[in-house]
Amino acid sequence: MSLSLKMEIDPVEDVTCLNPELLQLPEVSPFALKTTPLLVDDLFSQWLSLPETGNLVKSWINDAKAGTAVNACANFSNVNAVGSNSLPSMFSSVNAPPLSPRSSSGSPRSSKQKSSPSALGSPLKLFSDPMQEVIPQFYFQNGCPPTKELKEQSLSKINHLFNNPLNGLLIDEFKTVTKVVCKLPSFLSSALFRKIDVDCMGIVTRDAFITYWVDGNMLTMDVATQIFEILKRPGHKHLTQVDFRPILRELLATHPGLKFLQNTPEFQDRYAETVIYRIFYHMNRSGNGRLTLRELKRGELISAMQQADEEDDINKVLRYFSYEHFYVIYCKFWELDTDHDFFIDRENLIRYGNHALTYRIVDRIFSQAPQKFAGDVEGKMGYEDFVYFMLSEEDKSSEPSLEYWFKCIDLDGNGVLTPNEMQFFYEEQLHRMECLALEPVLFEDILCQIIDMIAPEREDCITLQDLKGSKLSGNVFNILFNLNKFMAFETRDPFLIRQEREDPTLTEWDRFAHREYIRLSMEEDVEDASNGSADVWDESLEAPF
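The shown structure was predicted, so the numbers you read here are calculated from the model rather than taken from an experiment.

Caption draft 1: Representation of the overall build of the protein in the model. Helices and strands together make up the secondary structure of the protein, namely 30 helices and four strands. When the accessible surface of the protein is split by element, carbon and sulfur atoms take 54% of a total near 30,800 Å².

Caption draft 2: Looking closely at helix α13 (residues 223-231). α13 sits mainly inside the fold: seven of its nine residues count as buried. Turning to α13, its buried residues are A224, T225, Q226, I227, F228, I230 and L231. Buried residues along α13 sit against α11 (189-196), α12 (206-214), α14 (245-254), α16 (293-298) and α17 (301-310).

Caption draft 3: View of the packing of aromatic side chains. For the coordinates displayed, the defined rule picks out 34 aromatic pairs. Here Y352 and F389 contribute two aromatic rings whose centre-to-centre distance is 5.2 Å and whose plane-to-plane angle is 75°, an arrangement assigned as edge-to-face. Separated by 37 residues along the polypeptide, Y352 in helix α20 (residues 352-355) and F389 in helix α22 (residues 383-394) bring together distant segments of the chain. Like Y352, the residue F389 is buried in the burial classification. Above the face of the Y352 ring, K332 is positioned so that its terminal group lies 5.8 Å from the ring centre. Over the aromatic face of F424 sits the side chain of R360, whose NZ or CZ is 4.2 Å from the ring centroid.

Caption draft 4: How the structure looks around unusual backbone geometry. Unusually for a residue other than glycine, H340 sits at a positive phi of about 55°. Within the secondary structure, H340 is located in the loop between α18 (323-336) and α19 (346-350). When its relative accessible area of 41% is taken as the criterion, H340 is described as partly exposed. Notably, F342 is not glycine yet its phi reads approximately 65°, a positive angle. Following the sequence through the fold, F342 ends up in the loop between α18 and α19.

Caption draft 5: Structural view of the side chain of E324. Within the secondary structure, E324 sits in helix α18. Other than its neighbours up to four places away in sequence, E324 contacts N315 and Y517.

Caption draft 6: Expanded view of the confidence of the model for the protein. In this model, the protein carries a mean pLDDT of 81, and residues with pLDDT of at least 70 account for 76%. Segment residues 1-26 is flagged for pLDDT under 50; beyond a separation of four residues in sequence, or across chains, it makes 38 contacts in the model. A low-confidence stretch, residues 79-127 stays under pLDDT 50, and its non-local contacts, those more than four residues away or across chains, total 63 contacts.

Caption draft 7: Up close: the pattern of salt bridges. Summed over the entire model, instances satisfying the criterion amount to 22 salt bridges. Close ionic contact of R346 with D363 constitutes a salt bridge, the shortest N to O distance being 3.3 Å. Residue R346 is found in helix α19, and its partner D363 is found in helix α21 (residues 359-366); the two are separated by 17 residues along the sequence. Linking D460 and R458 is a salt bridge whose minimum nitrogen-to-oxygen distance equals 2.7 Å. On the basis of relative accessible area, D460 is assigned to the partly exposed category, the value being 42%. Given a relative accessible area of 49%, R458 falls into the partly exposed group. Here the salt bridges share partners, and the residues they tie into one network are R285, E399, E403 and K468.

The rules we used
- Every chain begins its residue count from 1, and numbering advances along the sequence as written.
- Only residues with pLDDT of at least 70 get local features here, since the model is predicted, and only at 80 or more are side-chain atom pairs given and counted; chain-wide, interface and lining totals rely on the full set of residues.
- Heavy atoms throughout the structure, all of them, feed into the side-chain values; hydrogens and water do not.
- In this description a helix means any DSSP run of H or I spanning at least four residues, a strand means any run of E spanning at least two, and both kinds are numbered starting from the N terminus.
- Residue-level accessible areas treat just the shown protein chains as cover; the underlying method is Shrake-Rupley with a 1.4 Å probe.
- Each residue is placed in one exposure class: buried if its accessible area under a 1.4 Å probe, protein chains only, is under 20% of its type's maximum, exposed if it is over 50%, and partly exposed if it falls in between.
- Here a residue-residue contact requires only that any non-hydrogen atoms of the pair lie within 4.5 Å.
- Stacked, tilted and edge-to-face pairs are distinguished by plane angle, under 30 degrees for stacked and over 60 for edge-to-face with tilted covering the rest, among Phe, Tyr and Trp rings (Trp via its six-membered ring) whose centres lie within 6.5 Å.
- A ring is scored as having a charge over it whenever the NZ atom of a lysine or the CZ atom of an arginine sits within 6 Å of its centre and within 35 degrees of its normal.
- Confidence scores per residue from the predictor, reported as pLDDT, run from 0 to 100.
- Throughout this description, the term salt bridge denotes a Lys or Arg side-chain nitrogen within 4 Å of a carboxyl oxygen of Asp or Glu.

What follows is the structure, encoded as structure tokens:
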């Protein structure tokens, strides 16, 4: 009985009992291979278990590591000669079974005999060649170099702008380069000029600019990275408040909407400080005073700078640069700072918003729970701390504000707000309602209202993530410690609701600052008119004499 017939009749017979001399692959019918695939696997496993096979594979691996050519046919004929007693003709003419593809037109054995060892080469190389793919370089330590076309375009513009006998530009002439070649806001011109003019020669030559901007691959960086590299000091990997002062000075000196401040240097400094504080309040989320490149890219500062450079009315740049916003913040601080020492204490802050805040929340602010005070005066808040407080108080929908007030209410600092912590702050609110003859709302009802507004994952506590996921989170804090806004929320002024729907892009801070600026300007107009009428009255009294 032939092997082919025997396999078709009894395919489950133990492989080890077969006669090795009968294991000739060309004699196995295709039908038997298809119906008994496990038999082929068993035969291959038996071949792999031979000591001679192990030695052959090891020799191939060693040759591959050494970089020498592997002669598969020669090696395989040797192992067949050595191991002829155990399995003499099992794979007698096969070069490399696990690596060589089988031909569909004929038997594996006959197809492999047509291939010469020189044509096959190394089995490892044959296997890996189709898998090879050239991956272009995607990381450059100093930034991606510009393309030839981009470089030529930039050099053409540079040659045109530096076309003078000195091949260099003074600081007043450099603004065109900043706008045309670098495509950056014009008030970055001085900072960029000084970044290139490291020797303080007062002039930037064409070659020096090309070295820094083109050869330094600044040309291919995104705008945020370009500004970050220009502003940061050597050896630093972050930006501090000091790094923003040069661009604010140039903005104050050149922007048409800020020219009226040129004769009041004190207010220029206060405006620059306020803008910087607002930038770090919104963008430096870690609160460490070190603005990273990642934080710079995630914020809205770049678009705000570009808008400030293109817009003549600085008050239309609502993000960071609006003078009206600065005016509201500074006037509020000046009203509370009765002794004008540029610090306010607990009693001063209690008067904020017509005594809107509770004593307990003010105590938490002065315990520096939400943020450590920048000043060193014990028990007093400086202007920077007040900017952070006011932005948080007037726009409780922003993430920095939610984080600010969450730390205040979280008495034990465990990262969750419990009903006991919320009740502690609401007790004073309840007492104030009773003193004002308002109908008190029990805390149990308030707690149900808060749970309905926030919909936290757990009903026994509220996390910061729960608050950030709800649009009504700011009202929770108003309920707990701001009675005026709590009552306003309960009454729901239809006029304010219509305003919000008409322009949803404005934030709560934008609306508050606009209303407050109008009020302050009207008060100032009344005061000016009163002073003016008094002067006229005095002149009329003195005229007859």
